[in-house]
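# Structural overview
Here are the chains, one letter per residue:
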Amino acid sequence: MKICIVAEGCYPYVVGGVSSWIDSMIRSFPNIDFCILSIISDRDQSAKFAYEFPDNVTEVYEAYLNDFDWGKKPKHGRRTKLNEKQYRALRSVVLDSEVDWDTLFDMFQSQKIAIDDLLMGADFLKIVKECYDMKYFHIVFSDFLWTMRSIYLPLFLIMKTNLPKADMYHCVSTGYAGLLGCIAQHKYGQGLVVSEHGIYTREREEEIIKASWVAGIYKNIWIDQFRKMSRVAYERADKVTCLYSHAKELQMELGCPENRITITPNGINLERFADLPGKNAEDEGFINIGAVLRITPIKDVKTMIRAFAYAKETVPNIKLWLMGPMEEDEQYAKECFELVEALKVKDVIFTGRINVREYLGRMDFTILTSISEGMPLTILESYAARKPVIATDVGNCRELIYGGGQDECGTAGILTHIMNITEIAQAIIDLAKSEELRLKMGECGYNRVSGFYRIEQMKQTYSEIYKDVGTKYGGVWLASYTMVDERR
């Protein structure tokens, strides 16, 4: 059996978060062959892998959101004209009216459409003009036209992607990844699983609302584009997974049928965090605070640094360890370095990429100040090491800290509001001052992760999902986690 993992902007190019989950999933099913179809920005990023692949990864394919137009070029300056069915399908997606995705998939997979030609041609212009007259006549048409071209360029490039053939497609988000899964399902007649760690549409909404590169009504146009892509993935997936109950509610609000959704919490290998090395001479006299994260704006490292600086005025012997890669947003990392210097705060260490096992045992507690999360693996890893957590109230962090009524393990950390420097600083002070509180909360966290978030539990859930989807398409799921196809 071969499963194709379809991922956008993460594995195998970026370390941590969803990438770590994908790597863990692949290693959890050593008897299944996996291929990777990864969506990246352009060919400059090609093959710059951050992971060593396990033996059961057989191929890695790439799709690009910005690329050369390899399509058929018009002769003698004449533009390619769509037939009536193709024109109606293109109109349906632009106007978001009963979208004929199947015709669009067939049209772009035929490799006979030149995207530059299509975007600059009379058909696309006519459809955009109709959309403009219906909804956006109060803005400048030329700006609107070029915005629509910029929106549909990555969509059309994705729909032209050469797709590997597999027995099942597992998309690790909706959006462009989910769309590729839908195309593969349509083209090859195989099963489709969609897993969301964060809710893709909501995350894109947050990014666009805050973005400076798009303004006014154009924000809404971009958001609508992501909604329609997510909707088709929800409509066509055989199974949709999410990490916790509130995420399921959000998926249903965005159009996913309830009977397709399965809640599948993340799981970790507890044995990996047994017998961790403890503190050394460098740590003597310090309370170590660990932050395992990528140095990026979504992790809101600047708020963490400011809160640490305030807390250090009250508890001078605290040390902040920022443990994770800095290459993803070098400008933001530079601003974080400059903030540390401007605040003149001591004992802030940027380690870069690390093996978390080498550091986590040295920490007294960990901290996460993200403005968006799903179910952070770093919290589960902290609990596995019996370390309490300070976290912002995003994603499933509240349930991870308090239990959400599902257990009687107790409180495993302190929850704060996002970007609230005062609250976060006070949480740091409270944990730093009380070893008894740290030990008590750390034990609560360990009990929670060992009871509800083990890798064995996650593997069993996905084994059942793969079995259900595989048998629907003619396969027989064997005890050894291999698939034979009864149609062959």
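Report follows, based on the coordinates. (Residues numbered from 1 in each chain as written. Predicted model: local features only at pLDDT ≥ 70, side-chain atom pairs only at ≥ 80, totals over all residues. Heavy atoms only, no water.)

Scanning the entire structure with this criterion turns up zero disulfides. The structure places no disulfide on C4, whose sulfur is separated from the nearest cysteine sulfur, that of C35, by 3.5 Å. A relative accessible area of 0% means that C4 is categorised as buried. (Disulfide = S-S within 2.5 Å. Buried < 20%, exposed > 50% of the residue type's maximum accessible area, 1.4 Å probe, protein only.)

Their axes nearest at 10 Å, the elements helix α3 (residues 101–109) and helix α7 (residues 175–188) cross at an angle of 85°. Judged on the interaxial angle alone, α7 and α3 are roughly perpendicular. Seen from α3, the contacting residues are W101, D102, F105, D106 and Q109; seen from α7, they are L179, C182, I183, H186 and K187. A class-by-class count of the residues in the contact of α3 with α7 yields five nonpolar, two polar and three charged. (Axes fitted to C-alpha atoms, helices over the stretch in contact; angles between N-to-C directions. Helix = DSSP H or I, 4+ residues; strand = E, 2+ residues; numbered from the N terminus. Parallel < 35°, antiparallel > 145°, perpendicular 65-115°, else oblique. Contact = heavy atoms within 4.5 Å. Nonpolar A, V, L, I, M, F, W, Y, C, P; charged D, E, K, R; others polar.)

Turning our eyes to something else, we now look at unusual backbone geometry. Y11 connects to P12 through a cis peptide bond whose omega is 0°. Locating P12 in the fold gives a position in the loop between β1 (2–8) and α1 (18–28). You will see that D300, though not glycine, has its phi angle at about 50°, which is positive. Residue position: D300 is located in the loop between β8 (287–292) and α11 (301–314). Phi at R386 takes a positive value of approximately 65°, unusual for a residue other than glycine.

Before going further, it helps to examine the pattern of salt bridges. Across all of its chains, the model carries 30 salt bridges by this definition. The residue E456 makes a salt bridge to R454 at a minimum N-O spacing of 3.5 Å. On the basis of relative accessible area, E456 is assigned to the partly exposed category, the value being 42%. The class for R454 is partly exposed, based on a relative accessible area of 29%. (Salt bridge = Lys/Arg side-chain N within 4 Å of Asp/Glu carboxyl O.)

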